[in-house]
Amino acid sequence: MRAKSAAAPRGSRRGDDRWTATNYTSAIEGAHTNIRNSHQVSSAPIASTRRTNISDAATNTRTEGLDEREPELRAFNAALQARAPRAWATPALVVVNVLVFIACIVAGAGSWALDPQALTRWGSNAGMLVMGGEWHRLFTAMFLHGDLLHLSLNLWALWSIGRLVERLYGTWAFIFIYIVSGVVAGLASIAWNPHQNSVGASGAIFALLGALIVFMSRASTRVPKRVVRTHGLTALAFILYSGVIGMLSDKIDNAAHLGGLICGGLLGWSLARPLDESTRLSFGKASAAGITALLVLGLGVAQLHALSSNQSAVQRYWANHPWLLTGQNEALRIDADMQARAAAGKIGEAEFLGIMEQKLLPFWKEAETRLAAEPPVQDEQQQKFAAAMTEYVKLRHDAIRTGYEGVKNRDKERLLASRRFAQRADFALSNITRLEMRAEADRIRSWSRAQPVRQLRYALAGLRRRCEQSQTLTASADGHRESNAGLPGKSAGGCAAQRAFNTGDYAALDAMLHPAQASADDSQFAGIVTGMQALFNQRQSLENSLSQLAEWRRQRPDSDGPDLIEAILLRSWAWAARADGLIFQQRIALAQAALKDAYRAEQSSPVWHQLRQLIDQDRAQATAVTSHSPRRSSTGMTASPTDLPDRPRSS
């Protein structure tokens, strides 16, 4: 719901010292916006209420509806003014946020809405990058916003809330609460879902709400009861309402809101003091606040360390094979450079053969020999990855060897064989990349994927959510999408599959994929494919979906359902890059590799046959698009394939 602007404050009348304005708890819309796989940053409404502001048109702070002729209220307003006569920190924060947004625009990050990848470069709270050591993102993300509406509404809330909280606690205590709680909000966001990427000041803004409620609720602060009823209870109701609304939206980072709220409340509890006390903060309260901040930050960092220290089977493999990681990256770089020079006519035959003989063949031959001589490992996942690497290295060696022989002897048959080996090696590399992505998703297990949480979110969202609809993705001769009539994603099969996946009912989804009795009607199974594809296109990010598939494999290790759904997911990801023929081809190869892993489903699942037909059509179209382009060499691999959480590395 779009926030409504409150009425403009009336000026004070001559002879009347009553003040009126708008309330500090006006709507926070677009708070802590998540950057999704669709590469859109959109604001999400939280609430809209009309209340009274803590500031009039001038810079003084007053409370609407409270008669200043009452001595208690006159003393309270005077004490507010005395504690922070110049509440400069709140305007300064507003200005900094605006300047950062302008700087992003000037740097080419966008105009009204900023590009998600540009926000990542500027320091968004990308969980995987923070756990990789880029801790500064916890601070910088507080000053980044996805679009102008997101910025405007967050700064509106900051301006309304901040001036009151700054006068209640004092300027330096206010800054301390804002910065520390903003960092803790970022930690909470990552602990909840390490795969998401978020920006926004709302975690720190919710901290100010927490500090406000604590100040109002403590008897020792001696806040007049009418002020508590007007501001404290209203803020509490707003927080509860925002939490419920946040559960209904995938674009609101409730974990950051809650983390900021709790941290702000704890720090506010240790820093709150009566307004009639000295403006100087006592050593005891400052020490208590410092200890509280260190404890909260320490817990957050410990949680992130626990998440990032869990090594996957792929990471363990690369830790034992650093020579292979370094050597093959260098060999592939040399190969790519050599082929580019050959295509441009800048390298002679003798130099071409010399590079292959001296730099490429020795490495791939030695790598194949060393891997073949290694004893088998006990870990099943690592064993599977090791077998894939051994196959890839052998194919790459065969491609280089036969290519060298073909060029040297001018043998066309050997050159054709080299090309076939290279194509098989590229497919093997796609499979390795998929295994890396799968292992990374399995390594990071977040609270947000817990089944009770998903079921609660789905139950709340069910009040307004409809089944996602989509058309079957196929390619015409000119490369454009066409729809298959009669296969809407809103079919019974598609909606049931979406519901089972969203709630983690993997047993039900397995039953849909493997019906007990054969059916002559294929529309239900086509509906499962299009329904899941619609879900991945509209809501699910790649990393979250892979993480959920990893959970499915842990719960039902003998099921081939995760491989079938993974093929649908990767095919959907490929279609997102349809404009780039080579990337589309590479991602379709990932989907094909996933379908190959589900070989057992060929005999028991009609969905397998649906997918095979669709992926074969995609491969034919991708081959036609890229057949007239020079083949690019495969890029080198890294031990962590998801350097950017919202755009996993292409194979």
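This one's a predicted model, so the numbers in the text were calculated from it and none came from an experiment. (Residues numbered from 1 in each chain as written. Predicted model: local features only at pLDDT ≥ 70, side-chain atom pairs only at ≥ 80, totals over all residues. Heavy atoms only, no water.)

**What about the overall build of the chain?**
Right, so step 1: For the chain, the count of helices and strands is 24 helices and 5 strands.
Right, so step 2: Burial status across the chain gives 55% buried among its 651 residues.
Right, so step 3: Long-range pairs, those at least 24 residues apart, make up 78% of the contacts in the chain with a sequence separation of at least 6.
Right, so step 4: Accessible surface, the chain: about 29000 Å² in total, of which carbon and sulfur atoms supply 56%. (Helix = DSSP H or I, 4+ residues; strand = E, 2+ residues; numbered from the N terminus. Buried < 20%, exposed > 50% of the residue type's maximum accessible area, 1.4 Å probe, protein only. Contact = heavy atoms within 4.5 Å. Areas by Shrake-Rupley, 256 points an atom, 1.4 Å probe, with all protein chains shown as cover.)

**Digging into helix α23 (residues 581-597)**
Given 3.6 residues to a turn, an α-helix orients residues that are three or four positions apart in the same direction.
Right, so step 1: The end-to-end C-alpha separation of α23 is 25 Å, in line with the 24 Å expected for 17 residues at 1.5 Å each.
Right, so step 2: Burial of α23 is extensive: 12 of the 17 residues sit out of reach of the surface. (Expected span 1.5 Å × (residues − 1).)

**Description of the confidence of the model for the chain**
Low-pLDDT portions of the prediction should not be read for the details of their coordinates.
Right, so step 1: Model confidence for the chain is summarised by a mean pLDDT of 74, while 70% of its residues fall at 70 or above.
Right, so step 2: Within the chain, no element has a lower average pLDDT than strand β5 (residues 481-482), which sits at 42, and none a higher one than helix α2 (residues 89-106), at 94.
Right, so step 3: In the model, residues 1-66 has pLDDT below 50 throughout and makes 204 contacts with residues more than four positions away in sequence or in other chains.
Right, so step 4: Low pLDDT (under 50) marks residues 628-651, which in the prediction has 81 contacts with non-local residues, meaning those over four places away or in another chain. (pLDDT = per-residue confidence, 0-100.)

**What about the packing of helix α7 (residues 171-192) against helix α10 (residues 254-271)?**
For any two helices packed against each other, one specifies the crossing angle of their axes together with the interaxial distance.
Right, so step 1: Between α7 and α10, the least distance of the axes is 7 Å, while the angle of their chain directions is 145 degrees. Crossing geometry of α7 relative to α10 is assigned as right-handed. On the side of α7, the interface is formed by Ala 173, Phe 176, Ile 177, Val 180, Ser 181, Val 184, Ala 185, Ala 188, Ser 189 and Trp 192, while α10 contributes Ala 255, Ala 256, Gly 259, Gly 260, Cys 263, Gly 264, Leu 267, Gly 268 and Leu 271.
Right, so step 2: Tallied by class, residues from the contact of α7 with α10 come to 13 nonpolar, 6 polar and no charged. (Axes fitted to C-alpha atoms, helices over the stretch in contact; angles between N-to-C directions. Left-handed = near helix turned anticlockwise from the far one by under 90°. Nonpolar A, V, L, I, M, F, W, Y, C, P; charged D, E, K, R; others polar.)

**What to know about the pattern of salt bridges**
Right, so step 1: Enumeration over the complete set of coordinates arrives at 21 salt bridges.
Right, so step 2: Here Arg 612 makes a salt bridge to Asp 616, at a shortest N to O gap of 3.9 Å. Taken as a pair, Arg 612 and Asp 616 lie in helix α24 (residues 606-626) at a separation of 4 residues, close to a single helical turn.
Right, so step 3: Owing to a relative accessible area of 43%, Arg 612 belongs among the partly exposed residues under this scheme. (Salt bridge = Lys/Arg side-chain N within 4 Å of Asp/Glu carboxyl O.)

**Comments concerning the environment of Leu 353**
Right, so step 1: Examined against the element boundaries, Leu 353 turns out to sit in helix α14 (residues 349-373).
Right, so step 2: Distance in space between the C-alpha atoms of Leu 353 and Glu 405 is 9.2 Å, their sequence separation being 52 residues.
Right, so step 3: Setting aside anything within four residues of it in sequence, one finds Leu 353 in contact with Tyr 404, Val 407 and Lys 408.

**Thoughts on the nonpolar core**
What tends to happen in soluble globular proteins is that the nonpolar side chains get buried as a cluster.
Right, so step 1: Ranked by size, the top nonpolar core spans 62 residues in total, and within it Leu 158, Val 165, Leu 168, Tyr 169, Leu 208 and Leu 209 carry the most contacts.
Right, so step 2: The element contributing the most residues to this core is helix α8 (residues 202-217), with 11 residues. (Core = buried A, V, L, I, M, F, W, Y, C linked by side-chain atoms within 4.5 Å.)

**Here we look at the packing of aromatic side chains**
Right, so step 1: All chains considered together, the criterion is met by 12 aromatic pairs.
Right, so step 2: Seen in terms of ring centroids, Tyr 317 and Phe 385 are 5.2 Å apart; in terms of plane orientation they differ by 75 degrees. Their pairing is edge-to-face. With Tyr 317 in helix α12 (residues 313-320) and Phe 385 in helix α15 (residues 380-409), the pair connects residues that are 68 residues apart, well separated along the chain. Just as Tyr 317 is buried, Phe 385 falls in that class too.
Right, so step 3: Aromatic side chains Trp 364 and Tyr 392 sit 6.1 Å apart centroid to centroid with 85 degrees between the ring planes, which places their arrangement in the edge-to-face category. Here the residue Trp 364 occupies a position in helix α14, and Tyr 392 occupies one in helix α15, the gap between them amounting to 28 residues. (Phe/Tyr/Trp six-rings, centres within 6.5 Å; stacked < 30°, edge-to-face > 60°.)

**Some thoughts on helix α13 (residues 322-343)**
Right, so step 1: Between its first and last C-alpha, α13 extends 32 Å over 22 residues, near the 32 Å set by a 1.5 Å rise per residue.
Right, so step 2: What α13 keeps buried is the set Leu 324, Leu 325, Gly 327, Gln 328, Ala 331, Leu 332, Ile 334, Asp 335 and Met 338.
Right, so step 3: In this structure, the buried residues of α13 make contact with α12, α14 and α15.
Right, so step 4: Just beyond α13, the residue with positive phi is Gly 345, at close to 70 degrees.

**A closer look at unusual backbone geometry**
Right, so step 1: A positive phi angle, near 50 degrees, is found at Arg 410, a position not held by glycine.
Right, so step 2: Assignment of secondary structure puts Arg 410 in the loop between α15 and α16 (412-443).

**Description of the environment of Leu 535**
Right, so step 1: Its place among the elements puts Leu 535 in helix α20 (residues 523-538).
Right, so step 2: As for Leu 535 and Gly 494, which are separated by 41 residues in sequence, their C-alpha atoms are 9.3 Å apart.

**A word on a nonpolar patch on the surface**
Right, so step 1: Nonpolar side chains collect at one region of the surface, where Val 95, Val 98, Leu 99, Ile 102 and Val 106 lie side by side and expose about 440 Å² of accessible area between them.
Right, so step 2: Mapped onto the elements, Val 98 comes out in helix α2. (Patch = residues over 30% accessible without salt bridge, like charges linked within 9 Å, V, L, I, M, F, W, Y side chains within 5 Å.)

**Some remarks on the environment of Arg 571**
Right, so step 1: When you line up the elements, Arg 571 lands in helix α22 (residues 561-575).
Right, so step 2: For Arg 571, a relative accessible area of 0% translates into the label buried.
Right, so step 3: For the pair Arg 571 and Phe 536, spaced 35 residues apart in sequence, the C-alpha separation works out to 9.9 Å.

**Observations concerning the side chain of Ser 418**
Right, so step 1: Within the secondary structure layout, Ser 418 lies in helix α16.
Right, so step 2: At 2.8 Å, the side chain of Ser 418 and the backbone oxygen of Ala 399 are in polar contact.
Right, so step 3: Not counting residues within four places of it along the chain, the set of residues in contact with Ser 418 comprises Ala 399, Thr 402 and Gly 403. (Polar contact = N/O pair within 3.5 Å; in protein donor to acceptor, adjacent residues only side chain to side chain.)

**Describing the packing of α13 against α15**
Right, so step 1: Orientation of α13 relative to α15, taken along the N-to-C sense of each, is 30 degrees, at an axis distance of 13 Å. At the point where α13 passes α15, the crossing takes the left-handed sense. In this structure, α13 uses Leu 324, Gln 328, Leu 332 and Asp 335 to contact α15, whose residues at the interface are Met 389, Tyr 392, Val 393, Arg 396 and Ile 400.
Right, so step 2: By residue class, the composition of the contact of α13 with α15 is 6 nonpolar, 1 polar and 2 charged.

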